[in-house]
Amino acid sequence: MPDNVKIDVHHITRVEGHGNIKVDVKNGELVECRLEIVEAPRFFEAMIKGRTYKEASLITSRICGICSAGHVLASLAATEDAFNIKISEQEKLLRCLLNTGQHFESHVLHIYFLAIPDFVGAKSVLPLVNTHKDVVVQAIKLKKLGHEIGDMIGGRLIHPTATNVKAMTMVPEPGVLEEIIVRLEDAKQELKSSIPLLKSLKLPDYERETEYISLYKKGEYTFLEGDIYSSDSGEISRKDYLDVTNEYLCDHSTAKRTKHKRESYMVGALARFNNNSQWLSPDAKQTAVDLGLKAPCYNSYLNTVAQFVELVHLADEGIKAASALLNKDVKLEDDSFPLKAGQGVGAVEVPRGILFHDYTYDDKGILQRSNCIIPTGQNFQNIENDFRKLVPEIIDKSQDEIRLLLEMMVRAYDPCISCSAHILDIEFINSRSTTV
Amino acid sequence: MAKPKVAFFDFASCEGCQLSAIDLAPEQMLDLLNVVDIVEFREAISEKAAKYDIALIEGSITRDCDVPRLQDIRNRSKVLVAFGACAHTGGINALKNFQKKEDYQKAVYPTDPLKYETTVTRAISEVVQVDAFIPGCPINTMEFVRIVKNLVLGKRPDIPDYSVCVECKKNENICVYEKGMHCLGPVIRAGCDAKCPSNGGYCYGCRGTVTKPNLHAQKDVMQKYNLTFDQMTDQFKLFLQRNREVFKNAG
Ligand code: SF4
Ligand code: SF4
Ligand code: SF4
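Residues numbered from 1 in each chain as written. Chains lettered and ligands numbered in written order. Predicted model: local features only at pLDDT ≥ 70, side-chain atom pairs only at ≥ 80, totals over all residues. Heavy atoms only, no water.

Caption draft 1: Focus on the overall build of chain B. Broken down by element type, chain B carries eleven helices and five strands. The C-alpha atoms of chain B give 19 Å as radius of gyration, which agrees with the globular expectation for 251 residues (18 Å, within 12%). Counting across all 251 residues of chain B, residues that qualify as buried make up 59%. The long-range share in chain B, meaning contacts at least 24 apart out of those at least 6 apart in sequence, stands at 73%. Summed over all atoms, the accessible surface of chain B reaches about 10600 Å², with 52% contributed by carbon and sulfur. In chain B, which carries 33 positive and 31 negative side-chain charges, the distance between the mean positions of the two groups comes to 4 Å. (Helix = DSSP H or I, 4+ residues; strand = E, 2+ residues; numbered from the N terminus. Rg over C-alpha atoms; globule rule 2.2 N^0.38 Å. Buried < 20%, exposed > 50% of the residue type's maximum accessible area, 1.4 Å probe, protein only. Contact = heavy atoms within 4.5 Å. Areas by Shrake-Rupley, 256 points an atom, 1.4 Å probe, with all protein chains shown as cover. Lys, Arg positive; Asp, Glu negative; His and termini not counted. Charge placed at Lys NZ, Arg CZ, Asp CG, Glu CD.)

Caption draft 2: Quick look at the overall build of chain A. Secondary structure assignment for chain A yields 13 helices and eleven strands. Expressed as a percentage of the 436 residues in chain A, the buried residues total 66%. Here chain A displays about 15000 Å² of accessible surface, and carbon together with sulfur accounts for 49% of that area.

Caption draft 3: Up close: empty space enclosed by the protein. The calculated volume of the second largest cavity comes to roughly 240 Å³. In this structure, the second largest cavity is lined by 22 residues; those nearest its centre are A:Leu126, B:Ile22, B:Met29, B:Ile38 and B:Phe41. Listing elements by their share of the lining of the second largest cavity, those giving two or more residues are helix 6 (133–154) of chain A together with strand 1 (5–10), helix 2 (26–35), strand 2 (37–41) and helix 6 (141–152) of chain B. A total of three residues in the lining of the second largest cavity trace back to one element, the largest contributor, which is helix 2 of chain B. Looking at the lining of the second largest cavity residue by residue, the classes come out as 22 nonpolar, no polar and no charged. (1 Å grid on protein atoms, 1.4 Å probe; cavity = no way out; pocket = protein on both sides within 12 Å on 5 of 7 lines; lining within 4 Å. Points joined across faces, edges and corners; volume = space filled by probe spheres on them. Nonpolar A, V, L, I, M, F, W, Y, C, P; charged D, E, K, R; others polar.)

Caption draft 4: Molecular detail of the environment of A:Asp362. Residues and elements named next belong to chain A. Summarising the element assignment, Asp 362 is placed in the loop between strand 9 (353–361) and strand 10 (367–373). Overall, Asp 362 belongs to the partly exposed group, its relative accessible area being 22%. Expressed as a C-alpha distance, the spacing of Asp 362 and Lys 340, which sit 22 residues apart in the sequence, is 6.8 Å. The residues contacting Asp 362, other than those within four sequence positions of it, are Lys 340, Ala 341 and Gln 368. Within the structure, Asp 362 has its side chain in polar contact with the backbone nitrogen of Lys 364 (distance 2.9 Å). (Polar contact = N/O pair within 3.5 Å; in protein donor to acceptor, adjacent residues only side chain to side chain.)

Caption draft 5: Layout of the layout of surface pockets. All names here are of chain A. A volume near 890 Å³ is recorded for the largest pocket. Every element with two or more residues in the lining of the largest pocket is listed here: helix 3 (68–82), helix 4 (89–119), helix 11 (303–326) and strand 8 (342–350). Split into classes, the residues belonging to the lining of the largest pocket amount to 15 nonpolar, seven polar and twelve charged.

Caption draft 6: Fine view of the packing of aromatic side chains. Residue and element names in this part refer to chain A. Counting across every chain of the model gives 19 aromatic pairs over all chains. When the ring of Tyr 221 is compared with that of Phe 223, the centres are 5.7 Å apart and the planes differ by 50°; the resulting orientation is tilted. What makes Phe 223 buried here is its relative accessible area of 5%. Through a chain of ring-to-ring contacts, the aromatic side chains of Tyr 53, Phe 83, Phe 337, Tyr 359 and Tyr 361 assemble into a single cluster. (Phe/Tyr/Trp six-rings, centres within 6.5 Å; stacked < 30°, edge-to-face > 60°.)

Caption draft 7: View of the site of ligand 1. Taken together, 14 residues lie near ligand 1, and B:Cys14, B:Cys17, B:Ala85, B:Cys86 and B:Cys137 sit nearest. Around ligand 1, the neighbouring residues derive from chains A and B rather than from a single chain. Residue assignment for the shell around ligand 1 shows that the elements contributing at least two residues are helix 1 (16–21) and helix 4 (85–88) of chain B. (Near = heavy atom within 4 Å.)

Caption draft 8: Quick peek at the site of ligand 3. Surveying the vicinity of ligand 3 reveals the residues A:Arg156, B:Ile188, B:Cys192, B:Lys195, B:Cys196, B:Pro197, B:Cys203, B:Tyr204, B:Gly205, B:Cys206 and B:Arg207. Looking at what sits near ligand 3, you find residues from chains A and B.

Structure (structure tokens):
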């Protein structure tokens, strides 16, 4: 190991949001290794204070463009919990479709546009237009399908307009549902044709076991319902989410961090896969086998592969939901309910992991207090802990390789830093040689 | 002739406008890439260039430390575009301006309220000269392509300057005022095909007001339906805190 290595990546690229990586090795010892979050805080929890229950999801949707539907779903769930509202089967199915749409958009963007360029040695997806045109075209189509489902069900590609407490203000025509089924069937074929490409990617060899936290509902690979599950301590009631997250501020980040049983925990596709893979759809299970992904998996880089497996599952779920809706007489439902003062917690799985919204309303339905805990904030410390384990293992590699492996690690988590507070330009300063 | 260099930059935002910009069908995306060279897009590209023909700025300015970065981009760009509501009107980020700084800092970071720098949220045009804007939260993908093409050809961006009501009526919607709700449609700039009222909601003003909003007419509509002007101004708060016209006449 060289005695002194200093890595300083300012604004990591190909992630959502702004962040920096800092690594400092002095006299052969790792003295500093961290991920700094430098995004401007936007104060959402303060902004929704004093607004009505109708506006809560409209405002919090704007926390993040990529998981806007997820913020809306968590927000609605928190509001409905506070007012004791039970949603109908139709509403559940519509939300399930919205969830499939947002994961498609987000996972495809991450897998094909942000992560794959690293494996083929490209700086972005743009050069791939010349070298791997068919893959790029396929990726654009798959990603767009996510937005199109968002548009058909939610009323707009992002920041849905039709979502509403208790019942959507717009319902799809049968033709739309039929189209969604056809498109998802096609998407499954397209995904299948990508398996050889995914298999050919050489993922870094690395392992570190950590605590995996996700939503949990027995018998279901759940995204929208259920309680919390920790791979260390088992089931935890949704209402007790604060016991899991234990948020704290750290000096080098505008995002809050969390810890539960250990120094850090992981949320996201790999955590969901590790906790719930037994309930994946048969085709998704087969995809996992084809890609060599087995639970429990302790290689954080494989989060990207878990996302791919989830795409197959979500396509199946979407087809199921759309078919069930086709068998129903889908119509606009009553969205009235009695207001009452109360507190409610919404917990949903968004592409990057479990998301909590917690609202307290007065008896007029005005928000008094709120708390939103986003998945990326929950992952930061775990990324840093991965760095700590990884850096000594790769310290003999060239600076370019180290930089790339660190950036790839951050990108594997698919961090969406704009939610919280942005990531990686890596600049290496080696005190014995010149700046690279 | 070299293709014009287009770059994306983001400040305080949800990055949804950048996402919407790339929501194109493969042919459309390849078509756009034939006309322009995307040189900076931190979210999707790892390379950086020095000068830009068109800089698309997403997000609002919420920290003084972001001002020099924005000024530097301005100095390196021929045409600078406020891209999306956050940049154009201050957007949802300006909602915090209705609260005292100490209050919102304390609400979000109770243990250490002064830890992170923050100032009054500003639209991009309040900090540097802006040559064009693309409205909406999020922007509309096809409108984005149209405006970028306009700019590449040196034309004035082609954006409607009539109200959302015009599109709403064309869509044959029942006006939400008839349903006892209120809507900012009469003074808000069309171009979204009256998205929200058409999907069972109401317009909350994400595209900003038309050039000459007729607030008196809006007041009359509100009165006709027994709604108070305050109810409407309250709605304006969501996306239009920086709009002097609205908040001057509102009182
Ligand atoms: S205008 Fe809306 S969609 Fe665009 S960046 Fe701002 S919050 Fe996101
Ligand atoms: S619903 Fe809104 S946009 Fe439509 S006509 Fe009525 S006021 Fe205008
Ligand atoms: S209807 Fe109003 S709020 Fe909705 S997209 Fe159009 S301008 Fe924005």
